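Breakdown of the fold
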Amino acid sequence: MHKKINNISIFIEFLAGSGLAVFFHIVLNHAEAAYIIFGVGILLSLATYLLREDNEETREKLIDQYNHAHEITFTIAQITDPECREKAYEILAGTQRTLALLLQGYVPLDETEFYLKGTKYFGESTSQVKTVNPMTTGCDSRGALLNYYQANLRAMGRGVQVTRIFVLNREDLTDEEVQKVLLQQLRDKIEVRITYRDELPAVSETSGRNTASSFDFAIYDDKVAIEVFSQPGRYYGRKTRTPALVANYQHLFDLIEHGSHVVTEENGRVVLAADALSPGL
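Here goes a summary of the coordinates provided.

**Details of the nonpolar core**
If you look at the biggest cluster of nonpolar residues, it comprises 35 residues, and the most contacted ones within it are Phe122, Phe166, Leu182, Ile194 and Tyr220. Mapped onto this core, the elements with two or more residues apiece are α5 (111–124), α6 (143–157), β3 (161–168), α7 (176–187), β4 (191–196), β5 (217–220), β6 (224–228) and β9 (269–272). The element best represented in this core is α6, accounting for six residues. Leave out the neighbours within four places in its chain, and phenylalanine 166 touches Asn133, Met135, Val181, Leu182, Gln185, Val192, Arg193, Ile194 and Thr195. Leu101, Phe215, Leu245 and Tyr249 belong to the second largest nonpolar core, which has 16 residues in total.

**Side note on the packing of α5 against α6**
Running from N to C, α5 and α6 cross one another at 10°; their axes reach a closest spacing of 8 Å. Looking at the two axes, α5 sits roughly parallel to α6. Contacts between α5 and α6 involve Tyr115, Gly118, Thr119 and Phe122 from the former and Ala144, Leu145, Asn147, Tyr148, Ala151, Asn152, Arg154 and Ala155 from the latter. Looking at the contact of α5 with α6 residue by residue, the classes come out as seven nonpolar, four polar and one charged.

**Notes on unusual backbone geometry**
Positive phi, normally seen in glycine, also occurs at phenylalanine 215, with a value near 50°. Topologically, phenylalanine 215 is positioned in the loop between β4 and β5.

**Focus: the pairing of β5**
Side chains Phe217 and Ile219 of β5 all project onto a buried face; the interleaved residues Ala218 and Tyr220 project onto the opposite face, where all are buried too. Of the pairings in the sheet, the one linking strand β2 (residues 128–134) to β5 comprises four bridges and is antiparallel in character. Within the sheet, the bridge partner assigned to lysine 130 lies in β5 and is isoleucine 219. Bridge count for β5 against β6 is four bridges, and the pairing is antiparallel. The residue bridging isoleucine 219 from the neighbouring strand is alanine 225, located in β6. Remark: three residues form the turn of the hairpin made by β5 and β6, two consecutive strands paired antiparallel; aspartate 221 in that turn has positive phi of roughly 55°.

**Side note on the sheet that holds β3**
Here nine strands make up an open sheet; going across it, the order is β1-β7-β6-β5-β2-β3-β4-β8-β9 and the pairing mixed. In the strand order of this sheet, the two ends are held by β1 (107–109) and β9, each with one partner. Taken over all neighbouring pairs, the strand axes of this sheet differ in orientation by 25° on average, direction set aside. As paired elements, β4 and strand β8 (residues 261–266) share two bridges and run antiparallel to each other. Residue pairing for β8: arginine 193 is matched across the bridge by valine 262. α6 contacts β2, β3 and β5 of the sheet and is inclined by roughly 140° relative to β3. This element, helix α8 (residues 243–258), spans β2, β3, β4, β5, β6 and β7 (237–240) of the sheet and lies at about 115° to β5.

**Side note on the pattern of salt bridges**
Per the stated rule, a full pass over the model turns up nine salt bridges. The shortest N-O distance in the salt bridge between glutamate 57 and lysine 61 comes to 3.6 Å. On the criterion of helical spacing, the pair formed by glutamate 57 and lysine 61 is a turn pair, its members being four residues apart in helix α2 (residues 31–69). What makes glutamate 57 partly exposed here is its relative accessible area of 42%. A salt bridge links glutamate 265 to arginine 187, with the nearest nitrogen and oxygen atoms 2.7 Å apart. Highlighted residues: glutamate 265 in strand β8 and arginine 187 in helix α7, separated in sequence by 78 residues. Connected through shared salt-bridge partners, Arg170, Asp198 and Glu199 make up one network.

Each value, and the rule that gives it
- Residues numbered from 1 in each chain as written.
- Predicted model: local features only at pLDDT ≥ 70, side-chain atom pairs only at ≥ 80, totals over all residues.
- Heavy atoms only, no water.
- Core = buried A, V, L, I, M, F, W, Y, C linked by side-chain atoms within 4.5 Å.
- Buried < 20%, exposed > 50% of the residue type's maximum accessible area, 1.4 Å probe, protein only.
- Helix = DSSP H or I, 4+ residues; strand = E, 2+ residues; numbered from the N terminus.
- Contact = heavy atoms within 4.5 Å.
- Axes fitted to C-alpha atoms, helices over the stretch in contact; angles between N-to-C directions.
- Parallel < 35°, antiparallel > 145°, perpendicular 65-115°, else oblique.
- Nonpolar A, V, L, I, M, F, W, Y, C, P; charged D, E, K, R; others polar.
- Pairing = 2+ DSSP bridges.
- Salt bridge = Lys/Arg side-chain N within 4 Å of Asp/Glu carboxyl O.

This is the structure we're talking about:
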């Protein structure tokens, strides 16, 4: 109907201009004015036609964008069952949290995706990989972790420097399972350091970070970073390529590395390098 009204308006404008031109030509016998009026009338009709078409096209695009932006809202509004509506709002809240992560420059990942991405980035690394990991034991038989660790070794075989800082409690260093993990990585030529939990930097020191860190992340060639979420939830971790965010992880790594301890193997056990050099202290 709106389109038909526009077409009728154009036709009426054309008739009005033509009629006025005919009136000047026949009744007033003023041919020159009649031609001018007819020409101006045609141009005005064309101009108003083009304006109406442009306005109509803009209107349709805006309506489409509005409907697309409010599609979820319209769908929820049509849900009549209270329990179903409550569930819908719960799903919507989770989606909004995911969108907030994407807006910040993070891609959320489930656990399988997280280790798959980590393995992939190890394969793409060309110079250096820096990681911080809480000390965990009893997980070395999981396929995803085994493949991830094998990617570490393959990267080192290509000349990539791998630095891993383990986060543990002070009493954990004497634990046999912890010793086993540290020895394996040292013997595989990974640069291993440890830091104690009570020596970790405070969250306020990690500029640009507004949540408590999990202290479980990796930086690949200073171009991409992945991190495990500190709190369990729908997603296991996240990754980012945004330079400013990667720089934040680099800053946090530098803080942790500054307070970390170099370890070495002595008589089949892992000890602090400082203790090995000064056994009498």
